[in-house]
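Each chain, written out:
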Amino acid sequence: MTIKEIQNEIIDEFSMFDDWMQRYEYIIELGKSLPIIKEEYKIDENLIKGCQSKVWLQGEQKDDKIVFTADSDAILTKGIIAILIRAFSNQKAEDIINADTQFIDEIGLKEHLSATRANGLVSMIKNIKMYALAFDSKNKN
């Protein structure tokens with residue numbers, strides 16, 4: 001599936017819930033299905049700066065796609081990174097770089113997070129895009 005198709009699927013899933021308590025519960029459930037990062041990658045270099053809680057993100061290239069794993073010490077944050085990984089993992093670097101993140105606004109996530117969590121969300125997206133840029137430039141050399 002393309003990034004856009006996955007994002008649309010996420011939007012559809014969130015539209016099934018009537019209120020934000022149900023959506024928060026769903027985000028927490030998504031966090032439980034997160035592909036867990038290996039302990040060896042839970043290092044300071046993989047910590048996302050700007051997050052209220054600890055979030056580790058690791059990306060590696062497999063064939064021509066980037067595969068992300070992550071973890072967090074907070075259940076809601078773990079769910080948020082799970083949503084992003086679902087949308088951007090197993091995709092080509094160029095597609096990740098060019099992808100928009102409008103789906104975050106469409107599901108209303110940013111507006112229902114505290115300011116510090118919303119900043120963390122932006123930092124998570126930035127880190128995912130940075131991985132893509134790094135792999136993309138490495139591939140072109």
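For clarity, every value in this text was computed on a predicted model and none was experimentally measured. Along each chain, residues carry numbers from 1 onward, in the same order as the chain's sequence is written. Local features in this predicted model are restricted to residues of pLDDT 70 or higher, and side-chain atom pairs are both shown and tallied only at a pLDDT of 80 or more, whereas totals for entire chains, interfaces and linings draw on every residue. To get the side-chain values, all heavy atoms of the structure are used, and hydrogens and water are removed first.

(A) Region of the structure containing the packing of aromatic side chains. The aromatic pairing rule takes the rings of Phe, Tyr and Trp, using the six-membered ring of Trp, and pairs them if the centres are within 6.5 Å, calling planes under 30 degrees apart stacked, those over 60 edge-to-face and the rest tilted. This structure, assessed with the given rule, holds six aromatic pairs. Taking the centre distance of 5.5 Å and the plane angle of 75° together, the rings of Phe14 and Tyr26 count as edge-to-face. With Phe14 in helix 1 (residues 3–15) and Tyr26 in helix 2 (residues 20–32), the pair connects residues that are 12 residues apart, well separated along the chain. Partly exposed residues are those whose accessible area sits between 20% and 50% of the maximum for their type, while under 20% is buried and over 50% is exposed, using a 1.4 Å probe and protein chains only. Phe14 sits in the buried class, given a relative accessible area of 1%. Centre to centre, the rings of Tyr131 and Phe135 are 6.2 Å apart; their planes meet at 20°, and the pair counts as stacked. Of this pair, Tyr131 and Phe135 both sit in helix 6 (residues 115–140), four residues apart, which is roughly one turn of that helix. There is no split in this pair, since Tyr131 and Phe135 are both buried. Members of the aromatic cluster, each reached through a chain of ring pairs, are Phe14, Phe17, Trp20, Tyr24 and Tyr26. The ring of Trp56 carries the charged tip of Lys42 above its face, separated from the ring centre by 4.9 Å. A run of DSSP states H or I qualifies as a helix once it reaches four residues; a run of E qualifies as a strand once it reaches two. Both are numbered from the N-terminal end. A ring has a charge above it when a Lys NZ or an Arg CZ is no more than 6 Å from the ring centre and no more than 35 degrees off the ring normal.

(B) Structural detail: the pairing of strand 1 (residues 55–62). With eight bridges connecting them, strand 1 and strand 2 (residues 65–72) associate as antiparallel partners. Within strand 2, the residue paired with Gly59 across the bridge is Phe68. Criterion used throughout: strands pair if DSSP finds at least two bridges between them.

(C) Expanded view of the nonpolar core. Among the buried residues, those of types Ala, Val, Leu, Ile, Met, Phe, Trp, Tyr and Cys that are joined through side-chain atoms within 4.5 Å form a nonpolar core. Residues Leu57, Phe68, Ile81, Leu84, Phe88, Phe103 and Leu109 are the most contacted members of the largest nonpolar core, which totals 41 residues. Put simply, the parts of the chain that give this core at least two residues each are helix 1, helix 2, strand 1, strand 2, helix 3 (75–88), helix 4 (93–98), helix 5 (102–106) and helix 6. Of all the elements, helix 3 adds the most residues to this core, at nine residues. Residues in contact with Leu109, not counting those within four places in the same chain, are Trp20, Ile27, Ile80, Ile104 and Leu121. Contacts are assigned to residue pairs that have any heavy atoms within 4.5 Å of one another.

(D) Main features of helix 2. Every helix has an expected span of 1.5 Å times one less than the residues it contains. Spanning 13 residues, helix 2 covers 19 Å between terminal C-alpha atoms, matching the ideal 18 Å at 1.5 Å per step. All buried positions along helix 2 are accounted for by Trp20, Arg23, Ile27, Leu30 and Gly31. The buried side chains of helix 2 occupy one side of the element, clustering within an arc of 105° when seen end-on. What points out from helix 2, more than 90 degrees from its buried face, is the exposed set Met21, Glu25 and Lys32. Against helix 1 and helix 3 lie the buried residues of helix 2. One side-chain oxygen of the residue at the start of helix 2 lies 3.0 Å from the amide nitrogen of Met21, identifying that residue as Asp19. To obtain the arc, one takes the directions from the helix axis to the C-beta atoms. Polar contacts, as used here, are pairs of N or O atoms within 3.5 Å; protein pairs need one atom able to donate a hydrogen and one able to accept it. Residues neighboring in sequence count only if both atoms are side-chain atoms.

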